[in-house]
Amino acid sequence: MTDDLIFRPVAELAALLDAKKISSVELLQAFAARTEAVDGRVKAFNSLDEAGALVLAAAADARRSTGQARGPLDGIPVGFKDVIAVDGQPLTCSSRMLANFVSPYDATVTTKLKAAGAIPFGRLNMDEFAMGSSTENSAFGPTANPWDLSRVPGGSSGGSAAAVAAGEVPLALGSDTGGSVRQPAALCGIVGLKPTYGLVSRYGLAAFASSLDQIGTFARNVGDAALLLGAIAGHDAHDSTSFPADIPDYRAELDRRKGPWRLGVPQEYFGAGLDPEVGAAVRQAIGFYREAGCEIKEVALPLAAEHAIAVYYLIATAEASSNLARYDGIRYGHRSAAATDAIDIYAKSRAEGFGEEVKRRIVLGTHVLSSGYHDAYYLRAQQVRTLIRGEYLRVFQDCDALLSPTTPTAAFKLGEKAADPLAMYLSDIYTIGVNLAGLPGISVPCGFTGGGLPIGLQVIGPPFGEAEMLAIARAYEQAHEWSSKHPKL
Ligand code: GLN
C-alpha cells in the first residue's frame, strides 16, 4: 500500500481522501515512513516537523468528515525549501549564519497553502542562500540524487527535487533565481516550474537577487504543478513587485488548451557543450510536437546565448551583496563569540557565518557596485538585460512557446565541479535567460541517458503565459511514460 501511495499524483491522493479510502493522517504517516527509510541516504531534509504535521493532518481529516474540505490540497503534505518562511519553523537557508534561526511569520505562499489545507512537512536542503547548482554549497552537507546516490540532485533547490523524486513528499516549493527549480527537477526526473516574475509573492522568501528570485513548484506531473501554482499565485500587497494578474484555474485550463502550437527552437541552445544524449532526447521530444501537428520554427537568441551568464553573474551578485548586508551579527543570525568591538562583530560574524561561495559572490557583487566600476559593470549589465528581454519578446510574437534542453548534461558526480565555480555556473546556461527576461519556464522529464539518469525538456512561455505553457508541457507528458518511473532506493 505505502509504495503505491507515495508515488501517486496529488489529484489521485485527493480522490482517495475524498472517497475516505485513506485519511490525511495515514497519508502523512506513509510519507514520514518513506522519509525515515530513505532520507539517511538522500539527505533531502534539513529538519522535519512530523508532530506538527500530524496535528494539521488530523484537522484536515476532521474537515473532510464534516464535508468542509478546502479542495484538492487539503491534507496533502508539502515540503519547503529552507529559504521560505513557515511560522515557528527553522529558516536556515542552509547557512551557518541562520543555523539557529526560527521564522517569526509565514511567507505569503505559506499563508496561502495553509488556507488551502496543505501541510508544511519539513525543511529542504539547498545551496547556501540559493547560490549554486548542486546543493554541495549547503553548510549541512550535500543532498544525493535519488537515481544515483553518487551524483548531485542539482541545485540550488536540490533537497526539494530529491524529496519529490524519492517519494518523501508529493509536492515541494523551491526558488529559482537562475534555474534553481528547473535544473534540479531535470536532474531528478520530475516536473519543475518557475513562474513569471511577479506572479507569486516573494514576501517571506529570504532574498538572494530580488529582481530575479521567484518561488516555483516541484511535482510528479504537470497537473500537480498546475494545482500547486494555482494555490500560491496572486497579487500580494506585501511584495511591491507582485503583479495584479488574474489567476486562472490552471488545472482546468489544461483540458481546454489543445494546440496545435507554434513552437520556437532556439538554435543556440543546441551548440557546443550540450551532451549528445541530452540533445538526442530533446530533439526526439521536439519531433513528437511536430508529429502532433505543431509548427516548429527555428529561432535565434544570439544575445541571450552569448551574454546571459555574464549579465546574470553581475546582476545577481550585485543584488546579493546588498541583500546579504543584513546578516551583520547584530540584528539576528550568527554572532561571533570572538568579537571584541562593533566592527569586529560584523567582520568575524560574517567570516564565520558565510561559506566560500556566498563570500565569493558578496566580494564580486560589492566590486561591481563600487564607485568607478558601477557604470562599467552593473549599469552595462542592466542595459544588456533589457536587450535580452527584448530578444525573447520579439521571438514570442510568432511563437506560443520555446523548446530547449533544461540542462547541458544529466546529473554530474558529487565533487566533480565543486572546485571549479565557472564550470558550475555553466550548468544554468539554458535556464538563466528566462530569469533575466522575467519569463515562465517549466522542465518536464523527456527520457533517460544510457546510464539511467533523467533528462529534462524545458518549455518557456511568454510573460504570464503559464496556462498555455503548462498545456504544452502536458501534451508531451501524456504521450510518454517518463513520469511513472521512480528511482529504486
Ligand atoms: N545556479 C545559479 C546560481 O548559482 C542559480 C541559482 C538559483 O536559481 N537560485 O546563482
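This text gives an overview of the structure that appears in the document. Remember, predicted model here, so these are calculated numbers, not experimental data.

Moving on to the overall build of the protein chain. Looking only at helices and strands, one finds 17 helices and 11 strands in the protein chain. What you see for the protein chain is a C-alpha radius of gyration of 21 Å, in line with the 23 Å of a compact globule of 489 residues. Considering only intrachain contacts with a sequence separation of at least 6, the fraction spanning at least 24 residues in the protein chain is 75%. Per element, the accessible surface of the protein chain, about 17,700 Å² overall, is 54% carbon and sulfur. On the protein chain, the mean spot of the 44 positive side-chain charges and the mean spot of the 53 negative ones are 1 Å from each other.

The subject of this paragraph is the pairing of strand β11 (residues 454-460). Of all seven residues that make up β11, seven are buried, and the element is covered over most of its length. Neither face of β11 is left uncovered, since the one carrying Pro454, Gly456, Gln458 and Ile460 and the one carrying Ile455, Leu457 and Val459 both have all their residues buried. Bridge count for strand β9 (residues 401-405) against β11 is four bridges, and the pairing is antiparallel. Among the inter-strand pairings, Leu402 is bridged to a residue of β11, identified as Ile460. Taking the residues that link successive antiparallel strands as the turn, the strand β10 (residues 441-448)-β11 hairpin has five residues, and the phi of Gly452 there is positive, at about 85 degrees.

In the segment running from Gly155 into Ser156, the intervening peptide bond is cis, with an omega of 5 degrees. Within the fold, Ser156 resides in the loop between β3 (119-124) and α6 (158-165). Cis geometry marks the peptide bond from Gly259 to Pro260; its omega dihedral reads -5 degrees. Inspection of the secondary structure assignment puts Pro260 in the loop between α9 (250-256) and β7 (262-266). In this model, Cys93 sits at a positive phi of 50 degrees, which is unusual for a non-glycine residue. Turning to its location among the elements, Cys93 is positioned in the loop between β2 (77-81) and α5 (108-115). Relative accessible area serves as the criterion here: at 0%, Cys93 is assigned to the buried category. In this model, Ala130 sits at a positive phi of 70 degrees, which is unusual for a non-glycine residue. Residue placement: Ala130 occurs in the loop between β3 and α6.

The nonpolar side chains of a soluble globular protein tend to be buried with one another. The biggest cluster of nonpolar side chains holds 122 residues, and the ones touching the most others in it are Leu73, Leu113, Phe129, Leu173, Tyr392, Leu457 and Leu470. Residue contributions to this core peak at 11 residues, all from helix α11 (residues 302-323). For Leu113, the contacting residues outside a window of four places in its chain are Leu73, Val78, Phe80, Ala118, Leu173, Leu228, Ala231 and Ile232. With 24 residues, the next largest nonpolar core counts Val38, Leu124, Cys188 and Ile190 among its residues.

Its 16 residues give helix α10 (residues 276-291) an end-to-end C-alpha distance of 22 Å, which sits within 8% of 22 Å, the value for a rise of 1.5 Å per residue. Those residues of α10 that fall on the buried side of the exposure criterion are Val278, Gly279, Ala281, Val282, Ala285, Ile286, Gly287, Phe288 and Tyr289. Looking at the buried side of α10, the elements it contacts are β7, β8 (295-299), β9, β10, β11 and α17 (466-478). For α10, the capping residue at the N-terminal end is Asp275, with a side-chain oxygen 3.0 Å from the backbone nitrogen of Glu277. Backbone geometry just downstream of α10 places Gly293 in the positive-phi region, at approximately 100 degrees.

The next point concerns the packing of α11 against helix α14 (residues 374-395). As a packed pair, α11 and α14 sit with axes 9 Å apart at the nearest point and diverge in direction by 135 degrees. Taken as axis vectors, α11 and α14 run oblique relative to one another. Our pair here, α11 against α14, has a crossing hand that is left-handed. Every residue of α14 that contacts α11 at Pro302, Leu303, Ala304, His307, Ala308, Val311, Leu314, Ile315, Ala318 and Glu319 is listed here: Tyr377, Tyr378, Ala381, Gln382, Val384, Arg385, Leu387, Ile388, Glu391 and Tyr392. Grouping the constituent residues of the contact of α11 with α14 by class yields 15 nonpolar, two polar and three charged.

The rules behind each value
- Residues numbered from 1 in each chain as written.
- Predicted model: local features only at pLDDT ≥ 70, side-chain atom pairs only at ≥ 80, totals over all residues.
- Heavy atoms only, no water.
- Helix = DSSP H or I, 4+ residues; strand = E, 2+ residues; numbered from the N terminus.
- Rg over C-alpha atoms; globule rule 2.2 N^0.38 Å.
- Contact = heavy atoms within 4.5 Å.
- Areas by Shrake-Rupley, 256 points an atom, 1.4 Å probe, with all protein chains shown as cover.
- Lys, Arg positive; Asp, Glu negative; His and termini not counted.
- Charge placed at Lys NZ, Arg CZ, Asp CG, Glu CD.
- Buried < 20%, exposed > 50% of the residue type's maximum accessible area, 1.4 Å probe, protein only.
- Pairing = 2+ DSSP bridges.
- Core = buried A, V, L, I, M, F, W, Y, C linked by side-chain atoms within 4.5 Å.
- Expected span 1.5 Å × (residues − 1).
- Polar contact = N/O pair within 3.5 Å; in protein donor to acceptor, adjacent residues only side chain to side chain.
- Axes fitted to C-alpha atoms, helices over the stretch in contact; angles between N-to-C directions.
- Parallel < 35°, antiparallel > 145°, perpendicular 65-115°, else oblique.
- Left-handed = near helix turned anticlockwise from the far one by under 90°.
- Nonpolar A, V, L, I, M, F, W, Y, C, P; charged D, E, K, R; others polar.

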